[in-house]
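This is what each chain is made of:
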Amino acid sequence: MPLSEHEQRMLEQMERALYAEDPKFASALEGSGLRTYTRRRVYQAVAGFLVGIALLMAGMVAKQVWLSVVGFLVMLGCAVLAVTGWRKAPKPGEQPVPGVAPGRGQARPKRSVMNRIEERWQRRRDEQGH
């Protein structure tokens, strides 16, 4: 069940307060969870890649072209997942800064689609004098 707008705003306020109060603790909590998640995702992608190789080989042995194509597509998808997961994973000891992309210069903070829509809606209301 998704959170309501009010609950989402409260959660965001609590997160900001945690970062303001103890940024080191908040970064440590966020970094370890993200690192574990991305590591697990990369391992799953590698396992899927191996399954794709097995499907490709089985398709070649059984002379079933469609099975080989499925194996290749599984390999391709898993390779993309592994590479993107590997790039997003924070390095050990690195403390990710929320909203800032690592390895880039003047990176803009990440904003969700809903935040951008809400900002546009608010600007329109302000321009109309509501």
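Residues numbered from 1 in each chain as written. Predicted model: local features only at pLDDT ≥ 70, side-chain atom pairs only at ≥ 80, totals over all residues. Heavy atoms only, no water.

Focus on unusual backbone geometry
Here is step 1: Of note in the backbone geometry, K63 takes a positive phi value of approximately 55° without being a glycine.
Here is step 2: Topologically, K63 is positioned in the loop between α2 (23-61) and α3 (65-88).
Here is step 3: The class for K63 is exposed, based on a relative accessible area of 72%. (Helix = DSSP H or I, 4+ residues; strand = E, 2+ residues; numbered from the N terminus. Buried < 20%, exposed > 50% of the residue type's maximum accessible area, 1.4 Å probe, protein only.)

Description of the pattern of salt bridges
Here is step 1: With the rule as written, the count across this model stands at one salt bridge.
Here is step 2: Between E5 and R9 there is a salt bridge whose closest N-O contact spans 3.6 Å. With a gap of four residues between them, E5 and R9 both fall in helix α1 (residues 5-21), about one helical turn apart.
Here is step 3: For R9, a relative accessible area of 42% translates into the label partly exposed. (Salt bridge = Lys/Arg side-chain N within 4 Å of Asp/Glu carboxyl O.)

Details of the environment of A82
Here is step 1: Here A82 is to be found in helix α3.
Here is step 2: Between the alpha carbons of A82 and V46 there is a distance of 6.8 Å; along the sequence they are 36 residues apart.
Here is step 3: Setting aside residues up to four positions removed in sequence, A82 forms contacts with V42 and A45. (Contact = heavy atoms within 4.5 Å.)

Things to note about a positive patch on the surface
Here is step 1: Residues R116, R120, R123 and R124 make up a contiguous surface patch of positive charge.
Here is step 2: Looking at where R124 falls in the secondary structure, it is placed in helix α4 (residues 113-128). (Patch = residues over 30% accessible without salt bridge, like charges linked within 9 Å, V, L, I, M, F, W, Y side chains within 5 Å. Areas by Shrake-Rupley, 256 points an atom, 1.4 Å probe, with all protein chains shown as cover. Lys, Arg positive; Asp, Glu negative; His and termini not counted. Charge placed at Lys NZ, Arg CZ, Asp CG, Glu CD.)

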